[in-house]
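Chain by chain, the residues:
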Amino acid sequence: MELGFFGTLLWPIKWVIEAILVGFHSLLTLAGLESAAGVTWVLSIVGLVIVIRALLIPVFVRQIKSQRKMLEISPELKKIQDKYRGKKDQFSREAMSRETMNLYKKHGTNPLSSCFPLLLQMPIFFGLFSVLNDAYAGRDSVGLLTPELSAEFGSASLFGVAPLGLTMATSDGNVAVIIIAIVLVILMTGSQFLTQLQIMAKNQSPEMKNSPMYRQQKILLYLLPLVFVFSGAFFPLGVMFYWFVSNIWTMVQQFIVIRNMPTPGSEAALAREARLAKKRQKKGLPDPADEASGSVAVEEPIKTQRQQPVSKSRAKKQNKKGGR
């Protein structure tokens with residue numbers, strides 16, 4: 001099998017993808033699912049998403065931190081841009097670039113950091129695309145996907161009528177493929193929009209909402225979903241399932257981060273403080289802010305005078321005096 005330049009680059013990625021797919025496929029068949037069934041291979045693709053996205057969690061955390069730092073320095077970045085606005089000479093451009101890079105270095109961030117998770121997923125995405133296309137076309141695999149399994153993967157159909165290797169563009173009038181692809185495009189577009197919307201609506205401080213970065217994100221809120229609308233017609237159903245499940249993972253992951261680690265000063269941060277205050281109130285715990293200001297009154301224990309032991313004869317005398 002001859003490999004071109006991109007084929008050589010994708011070879012190790014395809015090998016890993018095939019290993020993960022075969023691993024999940026083996027577990028699912030042991031659980032009683034039919035080896036050649038479309039649902040078995042779709043669930044194997046879901047397993048691939050889980051493994052890949054779990055490995056990318058540290059990168060996602062770095063992305064969140066980088067995005068917040070970029071939004072925090074946005075006012076300073078705007079000052080630099082305003083300083084050199086209208087100056088098109090080479091000296092000004094170099095000075096602007098130098099000051100911008102120094103600003104990024106000072107705050108330990110980089111505008112490309114927020115793109116790392118997407119950039120790291122793209123080779124996986126194209127690797128799965130290549131593996132599925134090879135299987136559907138009957139070409140040899142590069143790793144653990146044996147000829148028998150590759151033939152099963154290539155001929156697997158969802159509900160028995162929609163081959164995973166077909167696209168809307170190559171469906172040849174297969175109504176099932178077209179309908180499933182349209183549903184997936186709608187779900188992918190909706191999940192992408194909701195993921196970006198929850199960031200924009202709940203996880204932005206007032207200062208961030210007045211920054212140029214926020215306006216750029218607002219434009220992307222409506223532009224990014226359109227990518228799925230136009231590209232969905234050219235991707236096989238198996239790849240679209242991968243993309244859709246990955247979007248769901250991103251949406252849930254983003255929800256957890258916004259709920260538990262919101263941007264300071266954002267609507268999500270205020271909601272989290274309200275939840276924590278309500279929990280403290282239920283448990284009868286003091287507010288940390290009150291403790292810090294020293295406004296919590298501490299009740300001192302009432303000291304009771306200790307009674308001295310009294311002898312029996314003295315006790316009788318005291319009783320006689322009390323009875324008079």
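Keep in mind that what you see is a predicted model, and the values were worked out from it rather than measured. (Residues numbered from 1 in each chain as written. Predicted model: local features only at pLDDT ≥ 70, side-chain atom pairs only at ≥ 80, totals over all residues. Heavy atoms only, no water.)

## Regarding the overall build of the chain
Within the chain one finds 14 helices and 2 strands. Of all 324 residues assigned to the chain, the portion counted as buried reaches 38%. Residue pairs in contact within the chain that sit at least 24 positions apart in sequence constitute 72% of those at least 6 positions apart. When the accessible area of the chain is evaluated, it comes to approximately 20300 Å², of which 63% is carbon and sulfur surface. (Helix = DSSP H or I, 4+ residues; strand = E, 2+ residues; numbered from the N terminus. Buried < 20%, exposed > 50% of the residue type's maximum accessible area, 1.4 Å probe, protein only. Contact = heavy atoms within 4.5 Å. Areas by Shrake-Rupley, 256 points an atom, 1.4 Å probe, with all protein chains shown as cover.)

## A short note on the packing of aromatic side chains
Applying the stated criterion across every chain yields a total of 6 aromatic pairs. Their ring planes at 80 degrees and their centres at 5.6 Å tell us that Phe 125 and Phe 126 sit as a pair that is edge-to-face. The exposure class assigned to Phe 125 is buried, which follows from its relative accessible area of 6%. In textbook terms, an aromatic cluster arises when at least three aromatic residues are bridged by ring pairs, as seen for Phe 125, Phe 126, Phe 129, Phe 235 and Trp 243. (Phe/Tyr/Trp six-rings, centres within 6.5 Å; stacked < 30°, edge-to-face > 60°.)

## Here we look at the pattern of salt bridges
By the definition in use, this model includes 4 salt bridges. One salt bridge connects Asp 134 with Arg 139, and the closest N-O pair in it is separated by 2.8 Å. We classify Asp 134 as buried; its relative accessible area is 10%. Residues participating in the shared-partner salt-bridge network are Lys 14, Asp 134 and Arg 139. (Salt bridge = Lys/Arg side-chain N within 4 Å of Asp/Glu carboxyl O.)

## Description of the nonpolar core
A general feature of soluble globular proteins is that nonpolar side chains tend to end up buried together. Leu 48, Leu 128, Phe 153, Leu 184, Leu 237, Met 240 and Tyr 242 are the most contacted members of the largest nonpolar core, which has 43 residues in total. Those elements that provide at least two residues to this core are helix 1 (5-30), helix 2 (38-55), helix 6 (116-137), helix 7 (147-155), helix 8 (175-202) and helix 11 (237-260). Considering each element in turn, this core owes the most residues, 8 residues, to helix 11. When we break this core down by domain, the ones giving at least three residues each are domain 1 (1-155) and domain 2 (159-268). Filtering out sequence-adjacent residues up to four positions away, Leu 184 remains in contact with Leu 237, Met 240, Phe 241 and Phe 244. Formed by 8 residues, the second largest nonpolar core is a distinct cluster that contains Ile 73, Ile 80, Ala 95 and Leu 103. (Core = buried A, V, L, I, M, F, W, Y, C linked by side-chain atoms within 4.5 Å. Domains from an automatic or database assignment.)

## As for the UniProt feature "transmembrane region" (unreviewed entry) in the chain
Sequence positions flagged by UniProt for "transmembrane region" (unreviewed entry) are, in local numbering, residues 12-33, 39-61, 111-132, 175-199 and 220-245. Each end of residues 12-33 is marked by a C-alpha atom, and these two atoms are 29 Å apart; helix forms 86% of the span and strand 0%. Taken end to end, residues 175-199 is 100% helix and 0% strand, and its first and last C-alpha atoms sit 37 Å apart. (UniProt positions renumbered as here; feature names shortened; annotations may be inferred.)

## So, the environment of Gly 47
Summarising the element assignment, Gly 47 is placed in helix 2. When the C-alpha positions of Gly 47 and Gly 23 are compared, they lie 9.1 Å apart, and in sequence the two are 24 residues distant.

## Some details on the side chain of Glu 18
Structurally, Glu 18 can be placed in helix 1. It turns out Glu 18 is buried and unbridged, and the closest side chain with the opposite charge, Lys 14, is 5.8 Å from it. Leaving out residues up to four positions away in the same chain, Glu 18 has contacts with Val 131, Ser 141, Val 142, Gly 143, Leu 144 and Leu 145. (Lys, Arg positive; Asp, Glu negative; His and termini not counted.)

## Observations concerning unusual backbone geometry
Here Phe 159, not a glycine, exhibits a phi torsion of approximately 60 degrees, which is positive. The topology assignment puts Phe 159 in the loop between strand 1 (157-158) and strand 2 (162-163). Taking relative accessible area as the criterion, Phe 159 reaches 69% and is therefore assigned exposed. If you check the backbone angles, Asp 172 has positive phi at about 55 degrees while not being a glycine. Classification of Asp 172 as exposed rests on a relative accessible area of 78%.

## Brief notes about helix 4 (residues 74-83)
Along helix 4, the residues that are buried comprise Ser 74, Leu 77 and Ile 80. Angular distribution of buried residues about the axis of helix 4 spans 115 degrees; they occupy a single face of the element. (Arc of directions from axis to C-beta.)

## Digging into the environment of Gly 154
Within the element layout of this structure, Gly 154 appears in helix 7. For Gly 154, a relative accessible area of 5% gives the class buried. For the pair Gly 154 and Leu 166, spaced 12 residues apart in the sequence, the C-alpha separation amounts to 9.6 Å.

## Digging into the packing of helix 8 against helix 11
Here helix 8 crosses helix 11 at 20 degrees, and the two axes come no closer than 9 Å. With respect to each other, helix 8 and helix 11 are oriented roughly parallel. Note that helix 8 runs across helix 11; the crossing there is left-handed. Grouping the amino acids of the contact of helix 8 with helix 11 by side-chain chemistry returns 18 nonpolar, 7 polar and 1 charged. (Axes fitted to C-alpha atoms, helices over the stretch in contact; angles between N-to-C directions. Parallel < 35°, antiparallel > 145°, perpendicular 65-115°, else oblique. Left-handed = near helix turned anticlockwise from the far one by under 90°. Nonpolar A, V, L, I, M, F, W, Y, C, P; charged D, E, K, R; others polar.)

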